[in-house]
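Residue-level structure breakdown
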Amino acid sequence: MPILIKGGRVIDPGRFVGMGDVLIDQGKIAAVGPNLSAHAGSTTIQVHGQLVLPGFVDLHVHFREPGFEYKETIQSGSAAAVAGGFTTVCCMPNTDPVNDNQAVTEFILERARLAGLANVFPVGAITKGSEGKELAEIGDLRRSGCVAISDDGKPVMNSLVMRRAMEYALAFDLTVVDHCEDLYLAEGGCMNEGLVSTELGLPGIPAAAEDVMVARNLFLSELTGARLHLAHISTAGSVRMVREAKARGIKVTAEACPHHFTLTEELVRGYNTHAKMNPPLRTWDDVHAIKEGLRDGTIDAIATDHAPHATQEKQQDFTEAPFGIVGLETAFSLTLGLVEEGVLSLEKAVEKLTSAPAAAFGLKKGTLAVGADADVVIVDQHEQWEVDPSKFRSKSRNTPFGGWKVKGRVKKTIVGGRVVFETSPAER
Amino acid sequence: MSLKRKDLLSLAPLSVDEITLILETADSFKEVTGREIKKVPALRGKTVVNLFFEPSTRTRTSFELAAKRLSADVINFSPSASSVVKGETLLDTARNIEAMQADIIVLRHSSAGAAETLAHGVKSSVINAGDGWHEHPTQALLDLYTIRQRGMGFEGLRVAIVGDVSHSRVARSNIYALTKLGADVRLVGPPTMMPWGVEKLGPKVYYNMDEGLRGVNVIMMLRLQLERQGRALFPTIREYARLYGLTAERVRLADPGAIVMHPGPINRGVEIAPDVADSLSSVILDQVANGVAVRMGILYLMSGAG
């Protein structure tokens, strides 16, 4: 059934910004512009000046299925995604079994189809079992639907294997994603190495553990010509190197997570396990560098690294608790924080959640171009709300943002022309 | 005056008055430990649980003796004999103990922050008996007591802490307490064993032991964890001993009345030469003896009896 979204402030980065309507037909965008008239039999949604945006694209989520369904399933993760305005998510392969073969990829796609909410695009493993030794069947992964490859969480330490993976990926025009962490330098660390780790007596992960791998990957990308995407960069050093690499024409893109441009290592005090993630929260200098990287385009995309963990896991003592926080249902509001601060224009902020991440993986998503899949999100930019983890659609509650008062609320999410999320009356 | 705290987790937040109160309370119990009948009824009817997730003979025995001399009932709980191996979390274990009406839980754990995590979850008082590399407050308090017993004041006192500061909870607690009390704290050891930015907490760092010891009043040696060899922190025990071992010759660089301390157990011939450990300037066994009195004082104050 056709849908006419009427009276919105439409932001389609680089294409259309202004008051207008969006017409959806047959699951595709049929028209964008002022004063569109409804087709016969279409539903009209009056949005009264709310923002109408392409559905958000998250390059980095962990949906835990198969293997860790007690943390999240593809169903619950997709529900969290659309509640946060994300219509497309790329799920990392560190499940059990690892997504290093066609069977797992097909399983994920089938679960996503059954969930029927967001577009879930699997990221395949670089190496078998993500063990960093032998290449996974990357051609098969691509053919069965993987949109990129990564050994996320278990970075490929062997530089020769990484070089070969980058070369091999060229044959399939696949982006190679790396979680940049030198596991020797990071050994045993559970927070940023610095004055806070010294005071708390916690083993630290130095910024250099990320920096040296960013440097390695940039050189390997230069050597091979492969398209490189750097996941969740968190240090001033990474930003500096990516900026310089882009200036030299290296095919690199980078993402940053809301927690890395919002929080610092200070939050770990009191051994707060909701402040434990990898890469760890860093210093104010790093936060400023990340913001500057977002502002000047060094960092292309905002991704959540949505990493659900069960309550009992985060209740363990700090060194035992697993790394990671959920992010899908808070990312948009935290990104709007950058607009309030004047770091990004609203259009740029939207771009970093839509067309820029889509371009990094070569996805035909994140746009309201005529003929594109009708993935649309309607948000109230000004509505204030309090983050209440007990209301999350995600199965997990591990967020450091509980109780935060934030601005910007997702009102309606449309995927393929179908409304898949609406703020419930109680939340209006 | 009493200690208005439910728990003793760290010396970092303690005031000078609170530290002084603990040391003065220990004084009155020191007298008890010298009597023929070394027992007072102060904690009769109270239950103290020693919850030790890491092997420890000296600290656990010291706490046990302290609690028994105060007439408390003492239970020793160690992981091998408990349900930890069955996957129970620290908090659940502690809540079970609490359900048995434990008044004070003394916790030793290999993870920094374990005592704080526990303290938030239970109503019983928690005393940190060492958490990872973080703090070992009762050890530092007994060190302070021993220094004070020798008639030394803290203001301007020159103290060298020598060894693996990075991995030492004893060092952190002593740094916090001694700096607060106005002492001039020096840290001596190889750069690989100094935690990031530690000088921002107050102490001065020396990589050369001879320079670091010059004119100090107190030499506090840290135990070298021999298993750390092979992890690129130092090349060999031989070289470590040569560079950072305390010999009689090096003691002579310090103030003539300087005392030598060590939290134990000592590696004779590694961080400390046998003749130094057994010398008149060594107060290592005084530390052990004072440990019981100081812990009696702490248990007494934490029990609310104060």
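Up top is the structure.
Residues numbered from 1 in each chain as written. Chains lettered and ligands numbered in written order. Predicted model: local features only at pLDDT ≥ 70, side-chain atom pairs only at ≥ 80, totals over all residues. Heavy atoms only, no water.

1. Here's the deal with the overall build of chain A
What counts, and what does not: For the purposes of this entry, the term helix denotes a DSSP run of H or I that reaches at least four residues, the term strand denotes a run of E that reaches at least two, and both are numbered from the N terminus. Just to be clear, the radius of gyration here is over C-alpha atoms, and the globule rule we use is 2.2 Å times residues to the power 0.38. By the convention used here, residues are in contact when the closest approach between their heavy atoms is within 4.5 Å. With residues, only the protein chains shown are counted as cover, and all accessible areas are computed by Shrake-Rupley using a 1.4 Å probe. Residues counted as positive are Lys and Arg, residues counted as negative are Asp and Glu, and His and the chain ends are not counted. Lysine's charge is taken at NZ, arginine's at CZ, aspartate's at CG and glutamate's at CD.
When helices and strands are counted, chain A shows 14 helices and 18 strands. For a compact globule of 428 residues, the expected C-alpha radius of gyration is about 22 Å, and chain A comes in at 21 Å, within 12% of that figure. The C-alpha extent of chain A, read off along each of the three principal axes, is 65 × 50 × 40 Å. Look at the contacts in chain A between residues 6 or more apart in sequence, and 75% of them connect residues 24 or more apart. As presented, chain A carries roughly 15200 Å² of accessible surface, and 52% of it is formed by carbon and sulfur atoms. One finds the centroid of the 43 positive side-chain charges in chain A at a distance of 5 Å from the centroid of its 54 negative side-chain charges.

2. A closer look at the interface of chain B and chain A
Rules: By buried area we mean how much accessible surface two parts lose on assembly, using a 1.4 Å probe and totalling the loss over both. Salt bridge, as used here: a side-chain nitrogen of Lys or Arg that lies within 4 Å of a carboxyl oxygen of Asp or Glu.
Each side of the interface is counted separately: chain B has 19 residues, and chain A has 16 residues. Taking both sides of the interface into account, the surface hidden between chain B and chain A amounts to around 1500 Å²; carbon and sulfur atoms contribute 59%. When the buried area of chain B at its contact with chain A is split by residue, Ala112(B), Trp133(B) and Trp196(B) rank highest and sum to 31% of it. Seen at the junction of chain B and chain A, the total is 1 salt bridge. Of the charged contacts, one joins Glu187(A) and Arg231(B) as a salt bridge, the two residues approaching to 3.3 Å between their closest N and O atoms.

3. Some words on the packing of helix H1 (residues 74–83) of chain A against helix H2 (residues 102–115) of chain A
Residue and element names in this part refer to chain A. To keep things clear, this is the line we draw: Comment: axis = line fitted to C-alpha atoms, over the contacting stretch for helices; angle = value between 0 and 180 degrees taken between N-to-C directions. An angle counts as roughly parallel when it lies under 35 degrees, as roughly antiparallel when it exceeds 145, as roughly perpendicular when it falls between 65 and 115, and as oblique in every other case. Take the far helix as the reference: if the near one is turned anticlockwise from it by less than a right angle, the crossing is left-handed, and if turned clockwise, right-handed. Residue type decides the class: Asp, Glu, Lys and Arg count as charged, Ala, Val, Leu, Ile, Met, Phe, Trp, Tyr, Cys and Pro as nonpolar, and the leftover types, Gly among them, as polar.
One way to put it is that H1 packs onto H2 with a least axis distance of 9 Å and a crossing angle of 55°. Taken together, H1 and H2 sit at an angle that is classed as oblique. The way H1 lies across H2 gives a crossing that is right-handed. Where H1 approaches H2, its residues Ile74, Gln75 and Ser78 are matched on the opposing element by Ile108, Arg111, Ala112 and Ala115. Classifying every residue of the contact of H1 with H2 gives 4 nonpolar, 2 polar and 1 charged.

4. A word on the pattern of salt bridges
Residues and elements named next belong to chain A. Stated formally: The buried label goes to any residue with under 20% of its type's maximum accessible area, the exposed label to any with over 50%, and the partly exposed label to all in between, with areas taken from a 1.4 Å probe on protein chains only.
Taken as a whole and assessed by the stated rule, the structure comprises 42 salt bridges over all chains. A salt bridge links Lys365 to Asp373; the nearest nitrogen and oxygen atoms lie 2.8 Å apart. A relative accessible area of 10% means that Lys365 is categorised as buried. Shared partners join several salt bridges into a network, and the residues in it are Lys28, Lys365, Asp373 and Asp375.

5. Re the layout of surface pockets
All names here are of chain A. Note the cut-off: A 1.4 Å probe that fits into a set of points on a 1 Å grid over the protein atoms alone but cannot get out defines a cavity; an open set with protein on both sides within 12 Å along at least five of seven lines defines a pocket, and lining residues are those with an atom within 4 Å of a point. Grid points are joined across faces, edges and corners, and a volume is the space filled by probe spheres set on the points.
Estimated volume of the second largest pocket: approximately 470 Å³. Lining the second largest pocket are 24 residues, with His62, Arg64, Asn94, Gly153 and Phe323 sitting closest to its centre. Taken together, the residues of the lining of the second largest pocket sort by class into 7 nonpolar, 12 polar and 5 charged.

6. Some details on the environment of Ala247(A)
Inspection of the secondary structure puts Ala247(A) in helix H8 (residues 236–247). Once the C-alpha coordinates of Ala247(A) and Gly49(A) are considered, the two residues, 198 residues apart in sequence, prove to be 39 Å apart.

7. Quick look at empty space enclosed by the protein
Residues and elements named next belong to chain A. Following the criterion strictly, the structure yields 5 cavities of 30 Å³ or more and no others. Each pocket or cavity is described by its volume, and for the largest cavity that value is around 60 Å³. For the largest cavity, the lining is made up of 13 residues, of which Cys180, Glu181, Glu210, Asn278 and Pro279 are closest to its centre.

8. Notes on the side chain of Ser168(B)
Within the fold, Ser168(B) resides in the loop between strand S5 (158–162) and helix H6 (169–180). For Ser168(B), a relative accessible area of 8% corresponds to the buried category.

9. A look at the side chain of Asn398(A)
Structurally, the position occupied by Asn398(A) is in the loop between strand S16 (376–386) and strand S17 (405–415). Excluding anything up to four places from it in sequence, Asn398(A) contacts His274(A), Ala307(A), Pro308(A), His309(A), Lys314(A), Gly324(A), Ile325(A) and Val326(A).

10. Let's talk about the state of the cysteines
All names here are of chain A. Rules: Throughout, a disulfide means two cysteine sulfur atoms within 2.5 Å of one another.
All told, the structure shown has 0 disulfides over all chains when counted by the stated rule. Unpaired in this structure, Cys91 has its nearest cysteine sulfur neighbour in Cys90, at a distance of 7.7 Å. No disulfide involves Cys146; its sulfur sits 8.1 Å from the nearest other cysteine sulfur, which is in Cys91. Residue class for Cys146 comes out buried when judged on its relative accessible area of 1%.

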